[in-house]
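Breakdown of the fold
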Amino acid sequence: MHDDRTLVEARLKRVLEERIRPAVYPESVPLSVSVWTAPGEPVPVAEGLAAPRSPIAVGDAWGAPWGTSWFTVTGTVPERWAGRTVEALIDLGFDANMPGFQCEGLVYRPDGSPVKGLNPQNQWVRIAAPAVGGEPVLLHVEAAANPVILDYHPFLPTELGDKETAGDKPQYRLERMDLAVFDETVWQLVLDLEVLGELMAELPADGARRWELLRAIERALDSIDLQDVNGTAAAARSCLTEVLAAPAAPSAHRIGAIGHAHIDSAWLWPLRETVRKVARTAANMTALLEDEPDFLYTMSQAQQFAWIKEHRPEVYARVKKAVADGRFVPAGGMWVESDTNMPSSEAMARQFVHGKRFFLDEFGIDNEEAWLPDTFGFTGGLPQIIRNAGSKWLLTQKISWSQVNKFPHHTFLWEGIDGTRIFTHFPPVDTYNCSMKGSEIAHAARNFKDKGVARHSLAPTGWGDGGGGTTREMVGKAARLRDLEGSAAVRWERPAEFFAKAEAEYRNPPVWVGELYLELHRATLTSQARTKQGNRRSENLLREAELWCATAALRTGSAYPYERLDRIWKTVLLHQFHDILPGSSIAWVHREAEATYAGLAAELEELIDAAQRALAGDPEGGRELVFNGAPHGRSAVPAGGAAVAVPGPGDCAVTARDGGGFVLDNGLLRVVVDGDGLVVSAVDAASGREAVAPGARANLLQLHPDFPNMWDAWDVDQFYRNTVTDLVGADEVVVHADGPAEVAVRVARSFGSSAVTQTLTLRAGSGRLDIDTEVDWHEAEKFLKVAFPLDVHTDRYAAETQFGHQFRPTHTNTSWEAAKFEACNHRFVHLAEPGWGVALVTPSTYGHDVTRAVRADDGGTTTTVRFSLLRAPRFPDPRTDQGRHRFRHALVPGAEIGDAVREGYAVGLPERRVTGSAESVRPLVELDQDALVVSAVKLADDGSGDLVVRVYESAGGRARGRLATSFALASAVPCDLLERPWEGTRGEVVADGDGVRLALRPFELVTLRLTPAG
């Protein structure tokens, strides 16, 4: 037989596009349209419905950027359409390739009840089936003119990312407003041909099945009268019945499909628009669930459910019913799909606390899976947090985006820094926006790396990022792929059902130990510095607010601000979403975030001040009490308590250095600053050891060009290192402070259009050099780092993460190690040789790199740590980080890992001074073991008055200690993160009088619920 494959395939393509698809709607009549444009931000539905309308016609322009237009469409069903299925076709000016990234609409009935959302892949609204001739049609459409930020030529700078700079030029033109007959037989034929044609293209050319499909498709095309597609569609379908009925092979890969719309809580749109995106998508999905009995849909992010509840209660009622029916499945148990690199230990825990509690309270559902398809890598501290939240599974997708190394598993056990293992799945379909294309299904089956020992994978199905969700076409295709020869077998499946099945079949999966590092989007650790600093400041203030408010409640009877703290936590957690905290959203998002963080800081400062004043007593008492919110004692003040200030030793000195510069000395640390204001020596007095590498200069600012190949705010590509400018020249190097309590040198520099002022401070009794950096930043596409070349020989270093630290290599032996050229730390980076180490600590700088080199002159090793300070990408925010910034860092020579932990907390939690009559404030709890660290002290969320204390082992070893309470203790119960009794603690937790004896494993986390006696 002659090979005519290409001829038939080309015929199928043209006939589908030019004849069959247009015949889905064989008849149409125009609808009348009128419009009202809201003058500012979106208005309530009632106001939009009642506003006066003006005529508008198809072809007319509408929609200034970020504006809202209310369209009213009216018409009458023609008498000749009686008994047929009729739909309205509403095209607001869509580009079919950009669902979720442009204009969208929500359709309302005249009474204001929502019908469904409109987007480029979902332009229809069912009017009647069967229709009644002469029936009037009246619909309202709330249309959002969201501008296209990520266009066909991506990553071009645009001012459209903020309503303050976007202008008012209309973005769209109405394309279609029609009433039309829907021919379901033709629509079904389209799906038949699409599924078979897409499957055929994936099958081997020498296989019989491909030729069977080809001949069946050819017969179907022969059966169609191109001048009467609607009259001959049924005959064409009958030609395909046999090939569609052929069952899948018993060995076929099994795909659990779940309806999904990964909706970024903010990204190329502001938070307020996400509220509407979620409502549109939820309205669509609840409608689709009613139409399709086999379909299942999942939505994560408790915040998004809460938005619907608050802003669209009528949609929420439909959601709650669908949840109760088991069809609309809450997933993930987190407040938002957060970044996991940068949130603090407590913040990461609270993501699960607030998310899971919302799902429990609203739906009675206790999720067992974490659902993070789009997060930019995962720290080694996360498995323990997932387990402590009462969950046991993780789904993600983004690791498949890694640039260099292909991850070796799709289903595996992920082991965290403490040894906790979580059953984890990466869908081999390699997208969280599967659309049921044959190429996607075939790719999932071919790509699955666990063949032979496992056969199930998951496919989140639906348009995402900007929302939209699953379409009726995707559901129709999935039905055909349920059991089809040549294809993987597809069934709708809830995430928990999939995980239970996958875990049961894969009894001995491989293990991956340590962080899941994404070899992409590394610059998100640095972009939008103000957002990152606002996050860290909020986390620190929340720690203090909970600590002091709990102390005041138990000591003085002050009211504990449950509701305010709950609201503030949820706001902070929202802003940890994986496109807000990472700095990859439009200007509008980060402008609002900065203002939000400022408001939260003021409110938290008010709570802290009120609690501390209640504890300090009468302000006329005249004593200055020093409050220490850090988890370690300092300056004679215990952790979590307050005491009268004790004057420190006054032995600091600053002297001029020969050749320029100064020497700072406090008896513990001797620092030499040269004439350029750079640190050329830092000697730890206890050991006599020099921290700075010979011939090198530390605290060196370095400037790189920064123009990645794509994803400007997200990426830094390795070639940025090829060019560097050392900012050596100083405008000024002068003594800033010269007193017994502290000495300091101020250094001023200028470069390009920017300027930097640094203050290097050495304080009495302190073994660290504090560096305060103020930058007036006006560069574009540049990357600013600060370098510390250290005389330390080591093949690995420690970087703090949630509830511990993780080690990374300093070398690049393999491509896996070389790919980690930019990584995340929390409060410290620590390098050590046996018996001696150096810590670099910071309150709010996350991105860093560590490299090593062997010196030619003495053969020693220089290990250089560089913190990443600022970037200047121009997409999606063309003015990213322009303006003034302040950073703090500290160099701690002679530091062990415990010193790094202690100084890391101290630099971000400064002492507070309050005047009062009290002699002291005893801490509610005290630990007698420095390796055991208290991460939270708070009252239980249930209002019982119990005290909740979270403790973790911080040094990476086993630690025994006693947590003593300063109040009579009735009981002490280990609990999970949601403060429920829990038997998952692996270490020893034993009540001991007014205290608890603890024996924790490396990095183990334990949450204690302490009930005061009486």
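Since we're looking at a predicted model, the values are computed, not measured.

**Description of the side chain of D712**
Looking at the element boundaries, D712 is found in the loop between strand 30 (700-705) and strand 31 (725-726). Comment: no salt bridge for buried D712; closest opposite-charge side chain is R871, at 6.9 Å. What D712 contacts, discounting residues up to four positions off in sequence, is F155, F707, R871, P873 and F875.

**Here's the deal with the sheet that holds strand 1 (residues 28-30)**
Read from one edge to the other, the open sheet built from four strands follows the order 1-12-6-9, with strand pairing classed as antiparallel. The two strands at the open ends of the sheet, each matched to only one other strand, are strand 1 and strand 9 (124-128). When strand polarity is set aside, the average angle formed by the axes of neighbouring strands in this sheet is 25°. By the bridge criterion, three bridges tie strand 1 to strand 12 (residues 176-181) in an arrangement that is antiparallel. The residue bridging P30 from the neighbouring strand is D178, located in strand 12.

**Regarding the packing of helix 8 (residues 302-311) against helix 9 (residues 313-324)**
Here helix 8 crosses helix 9 at 130°, and the two axes come no closer than 6 Å. Between helix 8 and helix 9, the interaxial angle falls into the category oblique. Facing F305, I308, K309, E310 and H311 of helix 8, the residues of helix 9 in contact are P313, V315, Y316 and V319. Residue classes in the contact of helix 8 with helix 9 are distributed as six nonpolar, one polar and two charged.

**Considerations on helix 1 (residues 5-20)**
For helix 1, the set of buried residues is V8, L12, V15, L16 and I20. Residues of helix 1 that are buried in the fold lie against helix 3 (184-202), helix 4 (208-223) and helix 5 (229-238).

**A word on the packing of helix 10 (residues 345-363) against helix 16 (residues 562-574)**
At a closest axis distance of 10 Å, the pairing of helix 10 and helix 16 adopts a crossing angle of 110°. Looking at the two axes, helix 10 sits roughly perpendicular to helix 16. Across the interface between the two elements, E346, A347, R350, Q351 and H354 of helix 10 pack against D566, W569, K570 and L573 of helix 16. Within the contact of helix 10 with helix 16, the residues separate by chemical class into three nonpolar, two polar and four charged.

**Notes on the sheet that holds strand 30**
The strand order across the open sheet built from six strands is 31-30-36-43-42-39, with neighbouring strands paired in antiparallel fashion. Either end of the sheet is taken by a strand with one partner, and the two such strands are strand 31 and strand 39 (823-824). Note that strand 30 and strand 36 (residues 782-790) share six bridges and pair antiparallel. Note on strand 36: the bridge partner recorded for Q702 is K785.

**Focus on the packing of aromatic side chains**
Taken as a whole and judged by the stated rule, the model has 40 aromatic pairs. Ring centres 6.4 Å apart and planes at 75° place the aromatic pair F358 and F363 in the edge-to-face group. Considered together, F358 and F363 belong to a single accessibility category, that of buried residues. A network of ring pairs unites the aromatic residues F295, Y297, F305, Y316, F328, W335, F358, F359, F363 and W492 as a single cluster. Stacked on the ring of W124, the Lys or Arg R472 has its end atom at 3.6 Å from the ring centre. Here the guanidinium or amino end of R796 rests over the ring plane of F807, the centre of that ring lying 3.6 Å away.

About the thresholds
- Residues numbered from 1 in each chain as written.
- Predicted model: local features only at pLDDT ≥ 70, side-chain atom pairs only at ≥ 80, totals over all residues.
- Heavy atoms only, no water.
- Helix = DSSP H or I, 4+ residues; strand = E, 2+ residues; numbered from the N terminus.
- Buried < 20%, exposed > 50% of the residue type's maximum accessible area, 1.4 Å probe, protein only.
- Lys, Arg positive; Asp, Glu negative; His and termini not counted.
- Salt bridge = Lys/Arg side-chain N within 4 Å of Asp/Glu carboxyl O.
- Contact = heavy atoms within 4.5 Å.
- Pairing = 2+ DSSP bridges.
- Axes fitted to C-alpha atoms, helices over the stretch in contact; angles between N-to-C directions.
- Parallel < 35°, antiparallel > 145°, perpendicular 65-115°, else oblique.
- Nonpolar A, V, L, I, M, F, W, Y, C, P; charged D, E, K, R; others polar.
- Phe/Tyr/Trp six-rings, centres within 6.5 Å; stacked < 30°, edge-to-face > 60°.
- Lys NZ or Arg CZ within 6 Å of the ring centre and 35° of its normal.

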